[in-house]
Amino acid sequence: MTDATRRPTKRSATSVTPQPAPAARGRAKPADATGDPSRNAAASSTRTLRAAERRAAIVDAALDEFIARGFAATRLEDVAKRAGVAKGTIYLYFADKEALFQELLRSAMLPLIEKLDAPPLPGVSARATFEMFAEVFVREVTQTRRADLLRLMITEGPRFPSLAEFHYREVVVRGLAAMRRVIAYGIERGEIRNDALLQFPQLIMAPAMLTVIWQGLFGRYSPLDSLGLLRTHIALIFDEREAT
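Everything quoted here is computed from the prediction, not taken from an experiment.

Conventions and cut-offs
Every chain's residues receive numbers from 1 upward, in the order its sequence appears when written. Local features in this predicted model are restricted to residues whose pLDDT is 70 or higher, and side-chain atom pairs enter the listing and the counts only when it is 80 or higher, whereas totals over whole chains, interfaces and linings include all residues. Side-chain numbers come from the whole structure's heavy atoms, not from hydrogens or water. Labels follow the DSSP assignment, with helices taken as runs of H or I lasting at least four residues and strands as runs of E lasting at least two, numbered in each case from the N terminus. Three labels apply to residues, based on accessible area from a 1.4 Å probe with only protein chains included: buried if under 20% of the type maximum, exposed if over 50%, partly exposed otherwise in between. We call two residues in contact whenever any of their non-hydrogen atoms come within 4.5 Å of each other. All accessibility values rest on the Shrake-Rupley procedure with a 1.4 Å probe; residue burial counts only the protein chains present in the view. Just to be clear on terms, a salt bridge is a Lys or Arg side-chain nitrogen sitting within 4 Å of an Asp or Glu carboxyl oxygen. Nine residue types can take part in a nonpolar core, namely buried Ala, Val, Leu, Ile, Met, Phe, Trp, Tyr and Cys, and a core is a set of them joined through side-chain atoms within 4.5 Å. Given the number of residues in a helix, its expected span is that number minus one, multiplied by 1.5 Å. Aromatic rings from Phe, Tyr and Trp, with only the six-membered ring used for Trp, were paired whenever their centres fell within 6.5 Å, and each pair was classed as stacked if the ring planes differed by under 30 degrees, edge-to-face if by over 60, and tilted otherwise. Under this scheme, a helix contributes an axis fitted over its contacting stretch, all axes are lines through C-alpha atoms, and angles between N-to-C directions fall in the 0 to 180 degree range. Angles below 35 degrees are treated as roughly parallel, those above 145 as roughly antiparallel, those between 65 and 115 as roughly perpendicular, and all remaining angles as oblique. Three categories are distinguished: nonpolar for Ala, Val, Leu, Ile, Met, Phe, Trp, Tyr, Cys and Pro, charged for Asp, Glu, Lys and Arg, and polar for the others, with Gly belonging to the last.

**Observations regarding the overall build of the chain**
Here is step 1 of the chain: Across its full length, the chain carries nine helices and zero strands.
Here is step 2 of the chain: When its helices and strands are written in sequence order, the chain yields α-α-α-α-α-α-α-α-α.
Here is step 3 of the chain: Here the chain, with 244 residues, has 34% of them falling under the buried criterion.
Here is step 4 of the chain: Contacts in the chain between residues at least 24 apart in sequence constitute 68% of all its contacts with a sequence separation of at least 6.
Here is step 5 of the chain: On the chain, roughly 15,700 Å² of surface is accessible, and the fraction owed to carbon and sulfur atoms is 56%.

Pasting the structure below:
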């Protein structure tokens, strides 16, 4: 039998040589590429806003959980549930529970410290500056959940030194420096006669912290006039018998 009359044999399915695919007409565009820069910018802005909202929700939920349970007993699962996100979402923003607590301290306290950190206004007395501090502290700390956060820091700090060190570095050091600047300003103006106060700016902060502790422990039995206490303390600093 000749080659011309030989019948072709059937190939198996696995031995079929694949045919080349038709040439692509153009490179595929990414799914989110619309070709419209304004729409892409709007979509990016929306994603950024949603991410910021999720982050804020996590921080708010963390404040609730830390205040209710303390640092040690708070679980990230509970924070996520309260915030309405998956636990894994928290790790997109914070490395661990300690980083989340640090951000809580930073976001709650630094805006207040920045107000205190501003140099005295020209022509404004040191006495008036301290009175403004007292009003801001009462309004933005003792009458808000920042007071709960400070009380939590006082109770948990000794058990978690890294948290205490962070709070000292980020909040306390800057607060004391601000107090020293105002004290020096008052001495220069002749308003403050005892320059030993420069050594102990804690004396300015102590009554403010007392109001936080008192209200947390005894406020339900004997509410404290926090602003009245701070004004009386300021009057004593300036050697006055009565606050004006």
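**Brief notes about the pattern of salt bridges**
A side chain with one charge may pair with a side chain of the opposite charge, provided their charged atoms come close.
Here is step 1 of the chain: Enumeration according to the criterion identifies 16 salt bridges in this entry.
Here is step 2 of the chain: The partner of R82 in a salt bridge is D64, with the nearest N and O atoms 3.8 Å apart. On the criterion of sequence distance, the pair formed by R82 in helix α2 (residues 76-83) and D64 in helix α1 (residues 37-69) is long-range, its members being 18 residues apart.
Here is step 3 of the chain: Judged by its relative accessible area of 46%, R82 falls in the partly exposed class.
Here is step 4 of the chain: E77 is the partner of K87 in a salt bridge, and the nearest nitrogen-oxygen pair spans 3.3 Å. Of this pair, K87 sits in helix α3 (residues 87-90) while E77 sits in helix α2, placing them ten residues apart in sequence.
Here is step 5 of the chain: Take K87: its relative accessible area is 34%, and that puts it in the partly exposed class.
Here is step 6 of the chain: Judged by relative accessible area, E77 falls into the partly exposed class, the value being 37%.
Here is step 7 of the chain: Put simply, D64, E65, R69, R82 and R145 are held in one network by salt bridges that share partners.

**Observations regarding the nonpolar core**
Here is step 1 of the chain: Residues I58, F66, L100, F101, F130 and L149 are the most contacted members of the largest nonpolar core, which totals 55 residues.
Here is step 2 of the chain: Counting residues per element, the ones that place at least two in this core are α1, α2, α4 (97-117), α5 (126-142), α6 (146-156), α7 (161-188), α8 (202-218) and α9 (226-237).
Here is step 3 of the chain: If near-sequence neighbours (up to four positions away) are discounted, L100 is found in contact with I58, V59, A62, F66, L76, V79 and F94.

**Things to note about α8**
Here is step 1 of the chain: Taking 1.5 Å per residue, 17 residues should reach 24 Å; α8 reaches 23 Å between its end C-alpha atoms and fits that length.
Here is step 2 of the chain: Buried within α8 we find I204, M205, P207, A208, T211 and V212.
Here is step 3 of the chain: Buried residues in α8 make contact with α5, α6, α7 and α9.

**Details of the environment of L210**
Here is step 1 of the chain: In this structure, L210 sits in helix α8.
Here is step 2 of the chain: The class of L210 is partly exposed, set by a relative accessible area of 41%.

**Points about the packing of aromatic side chains**
Here is step 1 of the chain: Tallied over the full model, the rule gives eight aromatic pairs.
Here is step 2 of the chain: Ring centres of F66 and F101 lie 5.0 Å apart, and the angle between their planes is 90°; this geometry places the pair in the edge-to-face category. Here F66, found in helix α1, pairs with F101, found in helix α4; they are 35 residues apart in sequence, far enough to count as distant. Accessibility assignment for this pair places F66 and F101 in one class, buried.
Here is step 3 of the chain: A ring pair is formed by W214 and F218, whose centres lie 5.0 Å apart and whose planes are at 65°; its orientation type is edge-to-face. With W214 and F218 both in helix α8 and four residues apart, this pair spans about one turn of that helix.
Here is step 4 of the chain: Put simply, the rings of F66, F71, F101 and F160 touch in pairs and so form one group of aromatic residues.

**Side note on the environment of A196**
Here is step 1 of the chain: Among the secondary structure elements, A196 is positioned in the loop between α7 and α8.
Here is step 2 of the chain: We classify A196 as partly exposed; its relative accessible area is 33%.
Here is step 3 of the chain: Sequence separation of A196 and I183 is 13 residues, and the distance between their C-alpha atoms is 9.9 Å.

**Focus on the packing of α4 against α5**
Here is step 1 of the chain: The geometry of α4 relative to α5 is characterised by a closest axis approach of 11 Å and an angle of 170° between their N-to-C directions. With respect to α5, the axis of α4 lies roughly antiparallel. Where α4 abuts α5, its residues L112, K115 and L116 lie against F133, V136, E140 and V141.
Here is step 2 of the chain: Considered class by class, the residues forming the contact of α4 with α5 number five nonpolar, no polar and two charged.

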